[in-house]
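Structural features, examined
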Amino acid sequence: MEQTISNIYNKVAQIKETIIIKESNDICKAWDSKVGGKAYLLEDDEYPVSFDSSETFEFLIQINCNDLPDNELFPKKGLLQFFINHEYSFEKEDKPFEIRYIENIITDDDLLDYDIEDEYDEDDNPEVDEDDDNETMIEEEIKITFEKAFDHINSTTIEWDSFKGKMASALYEYRDELDDYDSMIKDSNYLEDLDFILDDEKVLEVMHSSKLLGYPDNFDEDIRLSDYKYHDYILLLQLSLAADYFDNEDETNICWFIKEEDLKALNFNNVICSYFR
């Protein structure tokens, strides 16, 4: 039975190329791809800060596009940086996150700023609430590498309903081979758990990992469903809060989404993020 279902799934499978983010033990230079630590910064540059509180945003991840495997969407060079605003609230005129793209990377150490104080260090910042678990998400700097993979659709994505329709049509085509076909189609949740279709550790590892492109694994409703204008957005970046480098009890992934044409044009003004609903 499960093998038949798996064969049917493979016939209609919706698979996208993705780029998996992996940890590295190598020493990290200022312009390397990394999570945590301090963002690549020239002497005259400043970290983004909250308009209302002037608190420094937390730097989450930096992607040196030269490190990425061949793909048709990301630039071939430059740094892409993601910052998050822990002070953000919907009631204030502020922005929840910032994405910066630096096209030309200068590797002259004398022009770089290594002396930025850590705004989230409790010893240096008495205003930090000791009971606040969200003062920082990543406590250490870790170099990262990238690997191409294939990502299977999952039930938390906006594309799932379309996939279910294709799967239902394929099941009907094979109904004579399925002893439980009648009871299956009466159960509206029979496709909600992919484990019985994709009983494969590698598939699930890709699904849950930090990655660029592919399908989001939100553990919740896809934020793109909140407004029709977001339906054509694609996954820009997923950070898995279950990763070892995150110091956060919340295991709901943070996902950023962007229009494909905006990514190609390096326009990050219209990006949306699932962390801020």
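In this text, all values refer to a predicted model and were calculated from it rather than measured experimentally. (Residues numbered from 1 in each chain as written. Predicted model: local features only at pLDDT ≥ 70, side-chain atom pairs only at ≥ 80, totals over all residues. Heavy atoms only, no water.)

Further remarks concern the pairing of strand 1 (residues 15-23). Pairing of strand 1 with strand 6 (residues 142-152), which is carried by nine bridges, proceeds in the antiparallel orientation. Paired with Ile 19 across the strands is Lys 148, a residue of strand 6. Two strands pair when backbone bridges link them, and strand 1 and strand 7 (residues 211-213) are joined in this way by three bridges, in the antiparallel orientation. When the bridges of strand 7 are listed, Thr 18 appears paired with Leu 213. (Pairing = 2+ DSSP bridges. Helix = DSSP H or I, 4+ residues; strand = E, 2+ residues; numbered from the N terminus.)

Inspection of the entire model under this criterion finds 12 salt bridges. Residues Glu 173 and Lys 11 are paired through a salt bridge, measuring 2.9 Å at the closest nitrogen-oxygen approach. Placement of the pair is Glu 173 in helix 2 (residues 160-173) and Lys 11 in helix 1 (residues 2-12), with a sequence separation of 162 residues. The partly exposed category is assigned to Lys 11, whose relative accessible area is 45%. Connected through salt bridges with shared partners, the residues Lys 16, Glu 159, Asp 222 and Arg 224 form a single ionic network. (Salt bridge = Lys/Arg side-chain N within 4 Å of Asp/Glu carboxyl O. Buried < 20%, exposed > 50% of the residue type's maximum accessible area, 1.4 Å probe, protein only.)

Moving on, we come to the environment of Asp 32. Inspection of the secondary structure assignment puts Asp 32 in the loop between strand 1 and strand 2 (34-35). Judged by relative accessible area, which is 10%, Asp 32 ranks as buried. A sequence separation of 34 residues divides Asp 32 from Asn 66, and the C-alpha atoms of the two residues are 9.6 Å apart. For Asp 32, the contacting residues outside a window of four places in its chain are Ile 27, Gln 62, Asn 64 and Lys 143. At a separation of 2.7 Å, a polar atom in the side chain of Asp 32 contacts the main-chain amide nitrogen of Lys 29. (Contact = heavy atoms within 4.5 Å. Polar contact = N/O pair within 3.5 Å; in protein donor to acceptor, adjacent residues only side chain to side chain.)

Structurally, the α-helix is built with 3.6 residues per turn, so residues lying three or four positions apart point the same way. The end-to-end C-alpha distance of helix 2, which contains 14 residues, comes to 20 Å, matching closely the 20 Å that a straight helix rising 1.5 Å per residue would cover. Within helix 2, burial applies to Trp 160, Phe 163, Met 167, Ala 170 and Leu 171. Angular distribution of buried residues about the axis of helix 2 spans 100 degrees; they occupy a single face of the element. (Expected span 1.5 Å × (residues − 1). Arc of directions from axis to C-beta.)

Per the counting criterion, the structure on display carries eight aromatic pairs. Between the aromatic rings of Trp 160 and Phe 163, the centroid separation amounts to 5.0 Å while the plane-to-plane angle is 40 degrees, which identifies the pairing as tilted. Of this pair, Trp 160 and Phe 163 both sit in helix 2, separated by three residues, roughly a single helical turn. Comparing Trp 160 with Phe 163 shows no difference in burial state: the two are buried. Their ring planes at 80 degrees and their centres at 5.2 Å tell us that Tyr 230 and Tyr 233 sit as a pair that is edge-to-face. (Phe/Tyr/Trp six-rings, centres within 6.5 Å; stacked < 30°, edge-to-face > 60°.)

Ile 61, Phe 82, Ile 99, Leu 212, Leu 236, Leu 237 and Trp 256 are the most contacted members of the largest nonpolar core, which totals 38 residues. At the level of secondary structure, the elements contributing two or more residues to this core comprise strand 1, strand 3 (58-64), strand 4 (79-84), strand 5 (97-102), strand 6, strand 7, strand 8 (233-239) and strand 9 (254-259). Per-element accounting of this core gives the leading share, four residues, to strand 8. When near neighbours in sequence (up to four residues on either side) are disregarded, Ile 99 contacts Leu 80, Gln 81, Phe 82, Leu 236, Trp 256, Phe 268 and Val 271. By size, the runner-up hydrophobic cluster in this structure holds 14 residues, among which are Ile 153, Ala 170, Leu 171 and Leu 178. (Core = buried A, V, L, I, M, F, W, Y, C linked by side-chain atoms within 4.5 Å.)

These figures come from the coordinates and say nothing about function on their own.
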